[in-house]
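Descriptive structure summary
Residues per chain, in single letters:
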Amino acid sequence: MFYLSEIEHTMRVPPHLLNLPLNDAIKGELERLFLDKVVANLGLVISVYDIKSIDGGFVFPSDGASTYTVKFRLVVFRPFVGEVVTAKLLESTANGLRLSLGFFDDIYVPVHLMPNPSHSEADPVNKNQVAWIWEYQDENYAIDGVDEIRFRVNNISYPPIPIEADKESNRFAPMVITGSLDADGLGPVSWWV
């Protein structure tokens, strides 16, 4: 779920940071550039782990900043396909579920990956949402926001950045995890305790 990834990046250090020790100035700029951002095909950057090497220090004409080539390691969040993860329910719609890990909210369980057989009913508490019900041996088991929900990672995608955004479209998510609840042991934890 969490990985150390080594990156090489050419970056400029603004003049106002040059009074700091070089490692501190570069680490601060790396955190500003990468922290809480998704790097395509790498994952969500959680922290700058360490700096392996710093080369350069060039000042280009008409620029007061120093430019360095830095090799460093990042801690990134990217679960692997097939991994079982526990999350909380954020939203339940006719299209499926949206789950959250607290620091990452773009986890979706589409209808075709819900427990089979299951159906949705109008939610009596929240009129904008639906309640999903798993039917098993003449019993109905509800998927609600009370329990944590175990899901299996089915796919991780990095959608391209849209050029134009429609006013009706959902917000852009740079990394989307598609999960599945259609296996034994998956779904609300209380089902299996």
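Residues numbered from 1 in each chain as written. Predicted model: local features only at pLDDT ≥ 70, side-chain atom pairs only at ≥ 80, totals over all residues. Heavy atoms only, no water.

1. Looking at a nonpolar patch on the surface
- There is a patch of nonpolar side chains on the surface, built from Phe2, Ile46 and Phe103 and spanning about 270 Å² of accessible area.
- Relative to the assigned elements, Phe2 resides in strand S1 (residues 2-13). (Patch = residues over 30% accessible without salt bridge, like charges linked within 9 Å, V, L, I, M, F, W, Y side chains within 5 Å. Areas by Shrake-Rupley, 256 points an atom, 1.4 Å probe, with all protein chains shown as cover. Salt bridge = Lys/Arg side-chain N within 4 Å of Asp/Glu carboxyl O. Helix = DSSP H or I, 4+ residues; strand = E, 2+ residues; numbered from the N terminus.)

2. Side note on the UniProt feature "domain: RNA polymerase Rpb7-like N-terminal" (unreviewed entry) in the protein chain
- The UniProt record annotates "domain: RNA polymerase Rpb7-like N-terminal" (unreviewed entry) at residues 8-64.
- Taken as a whole, residues 8-64 contains 23% helix and 44% strand, while its terminal C-alpha atoms sit 23 Å from one another. (UniProt positions renumbered as here; feature names shortened; annotations may be inferred.)

3. Remarks on the sheet that holds strand S10 (residues 139-143)
- In space, the three strands of this open sheet follow the order S8-S9-S10, with antiparallel pairing throughout. Every other strand in the sheet has two partners, leaving strand S8 (118-122) and S10 as the edge strands with one partner each. The sheet shows a mean angle of 35 degrees between the axes of neighbouring strands, taken without regard to direction. (Pairing = 2+ DSSP bridges. Axes fitted to C-alpha atoms, helices over the stretch in contact; angles between N-to-C directions.)

4. Focus: the nonpolar core
- Membership of the largest hydrophobic core comes to 25 residues, with the highest contact counts inside it found for Leu97, Leu99, Ile143, Phe151, Ile177 and Leu181.
- Mapped by element, the contributors of at least two residues to this core are strand S5 (84-93), strand S6 (96-100), strand S7 (107-110), strand S9 (130-136) and strand S11 (149-157).
- The contacts of Ile143, once residues within four sequence positions are left out, are Leu89, Leu97, Met114, Pro115, Trp132, Ile149, Leu181, Pro188 and Trp191.
- Membership of the second largest hydrophobic core comes to 16 residues, among which are Ala25, Ile26, Phe34 and Val45. (Core = buried A, V, L, I, M, F, W, Y, C linked by side-chain atoms within 4.5 Å. Buried < 20%, exposed > 50% of the residue type's maximum accessible area, 1.4 Å probe, protein only. Contact = heavy atoms within 4.5 Å.)

5. Brief notes about unusual backbone geometry
- Omega for the peptide link from Asn116 to Pro117 comes to 0 degrees, which places this bond in the cis form.
- Here Pro117 lies in the loop between S7 and S8.
- Although it is not a glycine, Asp36 sits at a positive phi angle of roughly 60 degrees.
- With respect to the helices and strands, Asp36 occurs in the loop between helix H1 (22-34) and strand S2 (38-39).
- Of note in the backbone geometry, Gln137 takes a positive phi value of approximately 50 degrees without being a glycine.

6. A short note on the sheet that holds strand S3 (residues 43-59)
- Here four strands make up an open sheet; going across it, the order is S1-S4-S3-S2 and the pairing antiparallel. Bordering the open sheet on either side are S1 and S2, each of which pairs with just one other strand.
- Examined bridge by bridge, S3 and strand S4 (residues 66-77) share 12 bridges and lie antiparallel to one another. Following the sheet pairing, Val45 is matched in S4 by Val76.
- Packed onto the sheet, H1 meets S1, S2, S3 and S4 and runs at close to 135 degrees relative to S3.

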